[in-house]
Amino acid sequence: MPRIFNLQCLLTFAAALVITMVVSATAWADPITITTGNPGNQGTDNVLFNNASLVHSGLLVQGDFNGSGAGFIADFSSSSGSGNLGVSGGQAVLVGGSGNVPFSNVTFQLENNATFTKLILNIDVTNGLAPPTQVQFTVNYTLAGGQVFNQVFTVDTNGQNFFGIQAAEGAVINSVTVQGLNGTTFQDIDQWRVGGFSNPVPEPASMLLLGTGLAGFAGALRRRFKKDSDE
């Protein structure tokens, strides 16, 4: 018995150590990187604004895709000015709408809680602004273990600027908010490209309910089979 007890203690300690290492790695790893300059379009699909069945002006602007993102819908919203946005041209040129020109804030996400791992955009800062002009990115993402975080990045910008936002280590991006700082506003943000599309997976609670329901169904079948056998 003492040997078994010691072995059980050792296994428990080892398991706890592994869990601690995983949690520490999750807490300290930085799965989001933001690069300046065009990071390359590999593995991405253009956001398009030429689908007449979608909304292209107002408090919500929608776009879609015709490549790897076919079937996904992109949503754009703004908290600056009136909140109105609009489009210019078919290939992802987002502009301010009535009461929001120039605009200084926009949030991008996919509909139906879908996620992505890569976003490329080109910010065209309003002409005539005194430097330095700055933009802040807030990235809402979920780690492989299910933890949700908001991370803020601030970078200098001037004129037209490409930025690439990418998730790694199993993380997925839920939304990205672009905010001009210190009076920085945007003439437009264009050439939106998205990669790593994924539909949401069931939450643990939903999986638990499903498992409980299946277990109950199996139990009912067993009782029914036993009853039939006894008769």
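**Q** Where do I start with the overall build of the chain in this structure?
**A** Broken down by element type, the chain carries 2 helices and 13 strands. Taking all 231 residues of the chain together, the buried fraction comes to 39%. Contacts in the chain between residues at least 24 apart in sequence constitute 70% of all its contacts with a sequence separation of at least 6. Within the structure as shown, the chain displays about 13,100 Å² of accessible surface, and the carbon and sulfur contribution to it stands at 58%.

**Q** Please explain the sheet that holds strand β4 (residues 73-77) as it appears in this structure.
**A** Strand pairing in a sheet relies on backbone hydrogen bonds. The paired strands run either parallel or antiparallel. A sheet is described by the order of its strands in space; here 6 strands give the open sequence β3-β4-β7-β12-β9-β10, paired in antiparallel fashion. Each edge of the open sheet carries a strand with a single partner, namely β3 (61-64) and β10 (148-157). Recorded for the sheet is a direction-independent mean angle of 20° between the axes of neighbouring strands.

**Q** Help me understand the side chain of T133 in this model?
**A** Mapped onto the fold, T133 is located in strand β9 (residues 133-142). Setting aside chain neighbours within four positions, we find T133 in contact with V125, V155, D156, T157, N158 and T184.

**Q** What exactly am I supposed to notice about the pairing of β10 here?
**A** If a strand is regular, its side chains alternate between the two faces of the sheet. In this sheet, β10 lies alongside β9 in antiparallel orientation, the contact comprising 10 bridges. Across the sheet, the residue bridging to T133 is T157, located in β10. Between the end of β9 and the start of β10, which pair antiparallel, lie 5 residues, with G146 showing a positive phi angle near 105°.

**Q** Mind showing me how you'd approach the side chain of D75 here?
**A** Summarising the element assignment, D75 is placed in strand β4. In this structure D75 touches L60, V61, Q62, T107, F108, Q109 and E111, once residues within four positions along its chain are discounted.

**Q** Can you help me understand unusual backbone geometry in this one?
**A** With an omega of -10°, the peptide bond running from V101 to P102 counts as cis. Tracing the backbone through its elements, the reader meets P102 in the loop between β6 (93-96) and β7 (105-110). Despite not being glycine, N112 has its phi angle at roughly 60°, a positive value. Looking at the element boundaries, N112 is found in the loop between β7 and β8 (118-125). For N112, a relative accessible area of 64% puts it in the exposed group. Its identity is not glycine, yet N113 carries a phi of approximately 60°, on the positive side.

**Q** Could you clarify how one ought to interpret the nonpolar core in this entry?
**A** If you look at soluble globular proteins, the nonpolar side chains tend to sit buried side by side. With 40 residues, the main nonpolar core has F76, L121, I123, F137, V178 and W192 as its most contacted residues. Looking at this core, the elements with two or more residues in it are β4, β7, β8, β9, β10, β11 (160-167), β12 (172-181) and β13 (186-195). The contacts of F76, once residues within four sequence positions are left out, are V47, F49, L59, L60, V61, L85, L94, V106, T107, F108 and W192.

**Q** Please explain the packing of aromatic side chains as it appears in this structure.
**A** To describe a pair of aromatic rings, you give the distance between the ring centres and the angle between the ring planes. This model, assessed by the stated rule, comprises 10 aromatic pairs. When the ring of F76 is compared with that of W192, the centres are 4.9 Å apart and the planes differ by 75°; the resulting orientation is edge-to-face. In this pair, F76 is assigned in strand β4 and W192 in strand β13, connecting sequence segments 116 residues apart. Ring plane angle 25° and centroid distance 5.7 Å describe the contact between Y141 and F149, whose orientation is recorded as stacked. According to the relative accessible area criterion, F149 is partly exposed, its value standing at 34%. One aromatic cluster in this structure is built from F49, F76, F108, F116 and W192.

Each value, and the rule that gives it
Residues numbered from 1 in each chain as written. Predicted model: local features only at pLDDT ≥ 70, side-chain atom pairs only at ≥ 80, totals over all residues. Heavy atoms only, no water. Helix = DSSP H or I, 4+ residues; strand = E, 2+ residues; numbered from the N terminus. Buried < 20%, exposed > 50% of the residue type's maximum accessible area, 1.4 Å probe, protein only. Contact = heavy atoms within 4.5 Å. Areas by Shrake-Rupley, 256 points an atom, 1.4 Å probe, with all protein chains shown as cover. Pairing = 2+ DSSP bridges. Axes fitted to C-alpha atoms, helices over the stretch in contact; angles between N-to-C directions. Core = buried A, V, L, I, M, F, W, Y, C linked by side-chain atoms within 4.5 Å. Phe/Tyr/Trp six-rings, centres within 6.5 Å; stacked < 30°, edge-to-face > 60°.

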